[in-house]
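Residues per chain are reported as follows:
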Amino acid sequence: MAASTRGIGMTSARTRERLVLRLKEQGINDAEVLNLIRSTPRHLFVDEALASRAYEDTALPIGLGQTISQPYIVARMTEVLMADGIPEKVLEVGTGCGYQTLILAALVPMVYSVERLGPLQLRARQTLNSLKVRNVRYRHADGGWGWPQHAPYGGILVGAAPVEVPQALLEQLAIGGRMVIPAGRTSEQELLLITRRSETDFTRKLLDRVSFVPLVEGME
Ligand code: SAH
């Protein structure tokens, strides 16, 4: 592994181990997810000036008013998405810097990732290409409409919060599939697990109170 990927000093193995311990204490217990958090070079997804903070359990700015998700949230959403088995295809809404995308790509055969901000998606694509991640397809679009061409998805993971769960995403969820999505107004968002039991039967479970950037309509 290249030194840049392995990390040194504040991005070293010891720093990462501390993060993993913290996530365990907070209730993350999927060993595969914890291993991925340990081995994923989060410092490569943030500005060099912030690299020393990359293994803190906190969201950090990635430009254009957006943030890289907090490791706890990434771990929790991934763990819940995979809890019923590994889906063939996952739709991710909100590529951002691509950190969550990379974690998903390490677990599932194919990830379809949609981002509305072109420059962010371009950078994410470059970072993931440099890490030789090949099983991700990218789309520059409003992810509130999903990505119908590849539906249905066994898993849908949404990294930005709509006020209400978009109908298009519900429709693109496979029967038996799971969607993890934050929803609600800024001060009262809830992280939800939505399971599709049949064509018309969806169940909702409240996982956490959370604070995500809003899902914004249209693209730039
Ligand atoms: N998991 C990502 C989260 C990034 S923040 C990471 O760790 O980097 C949420 C992202 O969702 C932002 O990049 C934002 O631009 C994007 N987003 C917001 N509304 C969107 C929409 N309607 N369609 C696609 N992406 C959207």
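See the structure above.
Remember, predicted model here, so these are calculated numbers, not experimental data.

> I would appreciate a short explanation of the pairing of strand 6 (residues 153–158) in the present structure.
Most of strand 6 is tucked away, with five of its six residues classed as buried. Bridging between strand 3 (residues 89–93) and strand 6 involves four bridges; their strand directions are parallel. Bridge pairing links Leu91 to Ile156 in strand 6. Judged from the four bridges that link them, strand 6 and strand 7 (residues 173–183) form a sheet pairing that is parallel. Residue Tyr153 lies in a different strand from strand 7, and its bridge partner there is Leu173.

> Just checking my understanding: could you explain unusual backbone geometry for this structure?
Negative phi values dominate among residues other than glycine, just as trans dominates among peptide bonds. Here the bond from Ala151 into Pro152 is cis, since omega is 0 degrees, no more than 30 degrees from zero. Phi is positive for Leu64, which is not a glycine, with a value near 55 degrees. One non-glycine residue, Lys132, lies in positive phi territory at about 65 degrees. Within the secondary structure, Lys132 is located in the loop between helix 6 (118–130) and strand 5 (136–140). In this structure Lys132 comes out as exposed when scored by relative accessible area, which is 61%.

> Can you walk me through the pattern of salt bridges in this structure?
Pairing between side chains becomes possible if they bear opposite charge and their charged atoms approach one another. Under the definition given, this model contains seven salt bridges. For Arg76, the salt bridge is made with Asp208, and the minimal N-O distance between the two is 3.0 Å. In this pair, Arg76 sits in helix 4 (residues 71–82) while Asp208 sits in strand 9 (residues 202–210), placing the two residues 132 residues apart along the sequence. One exposure class covers both Arg76 and Asp208, and it is buried.

> It is not clear to me how the packing of helix 2 (residues 13–25) against helix 3 (residues 31–39) should be interpreted in this structure. Could you clarify?
Packed helix pairs are characterised by how far apart their axes lie and by the angle those axes make with each other. For the pair helix 2 and helix 3, interaxial distance at closest approach is 9 Å and the crossing angle is 150 degrees. As judged from the angle between their axes, helix 2 and helix 3 are roughly antiparallel. Pair helix 2 / helix 3 crosses with right-handed handedness. In this structure, helix 2 contributes Arg16, Glu17, Leu19, Val20, Leu23 and Lys24 to the contact, and helix 3 contributes Leu34, Ile37, Arg38 and Ser39. Within the contact of helix 2 with helix 3, the residues separate by chemical class into five nonpolar, one polar and four charged.

> Explain the nonpolar core to me, please; I cannot follow it from the model alone.
As a rule of thumb, nonpolar side chains are buried together in soluble globular proteins. By size, the foremost hydrophobic cluster in this structure holds 48 residues, and its most contacted members are Leu23, Ile37, Ile68, Tyr99 and Val180. For this core, the element with the highest residue contribution is helix 4, accounting for eight residues. The next biggest cluster of nonpolar side chains, apart from the first, holds 19 residues, and it includes Tyr153, Leu170, Ile181 and Ala183.

> Before we go on, may I ask you to explain the pairing of strand 8 (residues 189–196) in this structure?
Side-chain direction in a regular strand flips from residue to residue, so the side chains alternate between the two faces of the sheet. Of all eight residues making up strand 8, seven are buried, and the element is well covered by its neighbours. With six bridges connecting them, strand 7 and strand 8 associate as antiparallel partners. Of the residues in strand 8, the one forming a bridge with Met179 is Ile194. Turn length for the strand 7-strand 8 hairpin, with the two strands adjacent in sequence and antiparallel, is five residues, and the turn residue Gly184 shows positive phi of about 125 degrees. Pairing geometry for strand 8 and strand 9, over eight bridges, is antiparallel. Bridged to Ile194 within strand 9 is Arg204.

Basis of the calculations
Residues numbered from 1 in each chain as written. Predicted model: local features only at pLDDT ≥ 70, side-chain atom pairs only at ≥ 80, totals over all residues. Heavy atoms only, no water. Buried < 20%, exposed > 50% of the residue type's maximum accessible area, 1.4 Å probe, protein only. Helix = DSSP H or I, 4+ residues; strand = E, 2+ residues; numbered from the N terminus. Pairing = 2+ DSSP bridges. Salt bridge = Lys/Arg side-chain N within 4 Å of Asp/Glu carboxyl O. Axes fitted to C-alpha atoms, helices over the stretch in contact; angles between N-to-C directions. Parallel < 35°, antiparallel > 145°, perpendicular 65-115°, else oblique. Left-handed = near helix turned anticlockwise from the far one by under 90°. Contact = heavy atoms within 4.5 Å. Nonpolar A, V, L, I, M, F, W, Y, C, P; charged D, E, K, R; others polar. Core = buried A, V, L, I, M, F, W, Y, C linked by side-chain atoms within 4.5 Å.

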